[in-house]
Amino acid sequence: RTFFDVMRRMEREIDFAVRDVQVVIAARTGTWTQEHSRDLTSILLRRKERTSTKMVTFEPLDDDAIIALARAEGVAEPEVLLHAFINEEIDSLIDLRPCDVPLLAAYWNKHKRLDSWYEILRGHVQAGLRDGNPALRRGHKLSQERRTKALQRIAAASVFTGKPHVTLPGVAPAPGAI
């Protein structure tokens with residue numbers, strides 16, 4: 001199924017000619033093409049009552065933006081952090097989004113170095129499992145060790161099944177979720 005097929009089906013279901021809609025589409029860097037933009041624009045412009053169509057594209061952060069965001073997160077020498085990010089080849093694994101920089105900066109501020117992306121994420125998850133709020137800690141039914149093991153099992157299931165999403169109890173299951 002192509003993106004155009006999905007948009008055509010949405011057009012049949014919603015009838016853009018009589019209903020106002022706001023379409024928000026998120027795509028990983030590099031997967032959205034000019035052809036997708038043309039398809040979307042052609043469908044949205046079929047409306048009888050032409051209103052403005054605005055398309056906004058967010059590009060990966062450039063070096064200056066990473067430096068500015070790292071500085072805002074308290075990194076004393078953000079240029080050194082950026083150099084380490086490139087030298088450790090983490091930049092080849094991900095395109096940093098603004099929400100990724102605090103994670104990277106926190107790791108840098110604590111260790112004064114960058115390790116593998118795996119270690120950075122692992123440290124972030126472990127920090128999240130150690131709840132600093134005593135009132136919330138009392139509400140945990142599992143020890144930190146058991147919470148960690150449970151999260152590792154969920155991650156393993158996600159990797160082995162190829163399903164990146166987990167449906168929580170009491171929530172309608174998402175298609176393709178564990």
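Residues numbered from 1 in each chain as written. Predicted model: local features only at pLDDT ≥ 70, side-chain atom pairs only at ≥ 80, totals over all residues. Heavy atoms only, no water.

Caption draft 1: Spatial organisation of the overall build of the protein chain. Of the regular secondary structure elements, the protein chain holds eight helices and zero strands. Sequence-ordered secondary structure for the protein chain, helices as α and strands as β, is α-α-α-α-α-α-α-α. A burial count over the protein chain gives 22% of its 178 residues as buried. The long-range share in the protein chain, meaning contacts at least 24 apart out of those at least 6 apart in sequence, stands at 43%. Accessible surface for the protein chain amounts to roughly 13,400 Å². Of this, 54% is attributable to carbon and sulfur atoms. (Helix = DSSP H or I, 4+ residues; strand = E, 2+ residues; numbered from the N terminus. Buried < 20%, exposed > 50% of the residue type's maximum accessible area, 1.4 Å probe, protein only. Contact = heavy atoms within 4.5 Å. Areas by Shrake-Rupley, 256 points an atom, 1.4 Å probe, with all protein chains shown as cover.)

Caption draft 2: The arrangement of the environment of Phe3 in detail. Within the secondary structure layout, Phe3 lies in helix H1 (residues 3-14). Taking the C-alpha atoms as reference points, Phe3 and Glu35, separated by 32 residues in sequence, lie 9.6 Å from one another. The contacts of Phe3, once residues within four sequence positions are left out, are Ile25, Trp32, His36 and Leu40.

Caption draft 3: Expanded view of the pattern of salt bridges. Throughout the structure, instances matching the rule amount to two salt bridges. Across the salt bridge formed by Arg71 and Glu79, the nearest N and O atoms sit 3.2 Å from each other. For Glu79, a relative accessible area of 43% translates into the label partly exposed. A salt bridge links Arg113 to Asp115; the shortest N-O distance between them is 3.0 Å. (Salt bridge = Lys/Arg side-chain N within 4 Å of Asp/Glu carboxyl O.)

Caption draft 4: Spatial organisation of the packing of H1 against helix H2 (residues 34-44). Packing of H1 against H2 leaves a shortest axis separation of 10 Å and a crossing angle of 15°. As summarised for this structure, H1 and H2 are arranged roughly parallel, according to the angle between their axes. Of the two elements, H1 crosses H2, and the hand of that crossing is right-handed. Here Phe3, Phe4, Met7, Arg8 and Glu11 of H1 lie close against H2, whose contacting residues are His36, Asp39, Leu40, Ser42 and Ile43. When the residues that make up the contact of H1 with H2 are grouped by side-chain class, the tally is five nonpolar, two polar and three charged. (Axes fitted to C-alpha atoms, helices over the stretch in contact; angles between N-to-C directions. Parallel < 35°, antiparallel > 145°, perpendicular 65-115°, else oblique. Left-handed = near helix turned anticlockwise from the far one by under 90°. Nonpolar A, V, L, I, M, F, W, Y, C, P; charged D, E, K, R; others polar.)

Caption draft 5: Broad picture of helix H4 (residues 78-87). For H4, the full list of buried residues reads Pro78, Leu81, Leu82, Ala84 and Phe85. The buried residues of H4 all sit within an arc of 160° when viewed along its axis, so they share a single face. On its buried face, H4 is in contact with helix H3 (63-72) and helix H5 (101-111). Two residues or fewer past H4, Glu89 is found with a positive phi of approximately 60°. (Arc of directions from axis to C-beta.)

Caption draft 6: Highlighting a nonpolar patch on the surface. A cluster of nonpolar side chains, namely Val125, Leu151, Ile154, Val166, Leu168, Val171 and Ile178, defines an oily patch on the protein surface of about 550 Å² accessible area. Along the chain, the position of Val171 falls in the segment after helix H8 (144-161). (Patch = residues over 30% accessible without salt bridge, like charges linked within 9 Å, V, L, I, M, F, W, Y side chains within 5 Å.)

Caption draft 7: Here's a closer look at a negative patch on the surface. A cluster of acidic side chains, namely Asp62, Asp63, Asp64, Glu88, Glu89, Asp91 and Asp95, defines a negative patch on the protein surface. Looking at the secondary structure, you find Glu89 in the loop between H4 and H5. Look at Glu89 and you get exposed, because its relative accessible area is 54%. (Lys, Arg positive; Asp, Glu negative; His and termini not counted. Charge placed at Lys NZ, Arg CZ, Asp CG, Glu CD.)

Caption draft 8: Examining the nonpolar core more closely. Core analysis: the largest hydrophobic core is formed by 20 residues, its most contacted members being Leu81, Phe85, Leu96, Leu104, Leu114 and Ile120. Sort the elements by how many residues they give to this core and H5 lands first, with six residues. Within the second largest apolar cluster, five residues are counted, among which are Phe3, Met7, Ile43 and Leu44. (Core = buried A, V, L, I, M, F, W, Y, C linked by side-chain atoms within 4.5 Å.)

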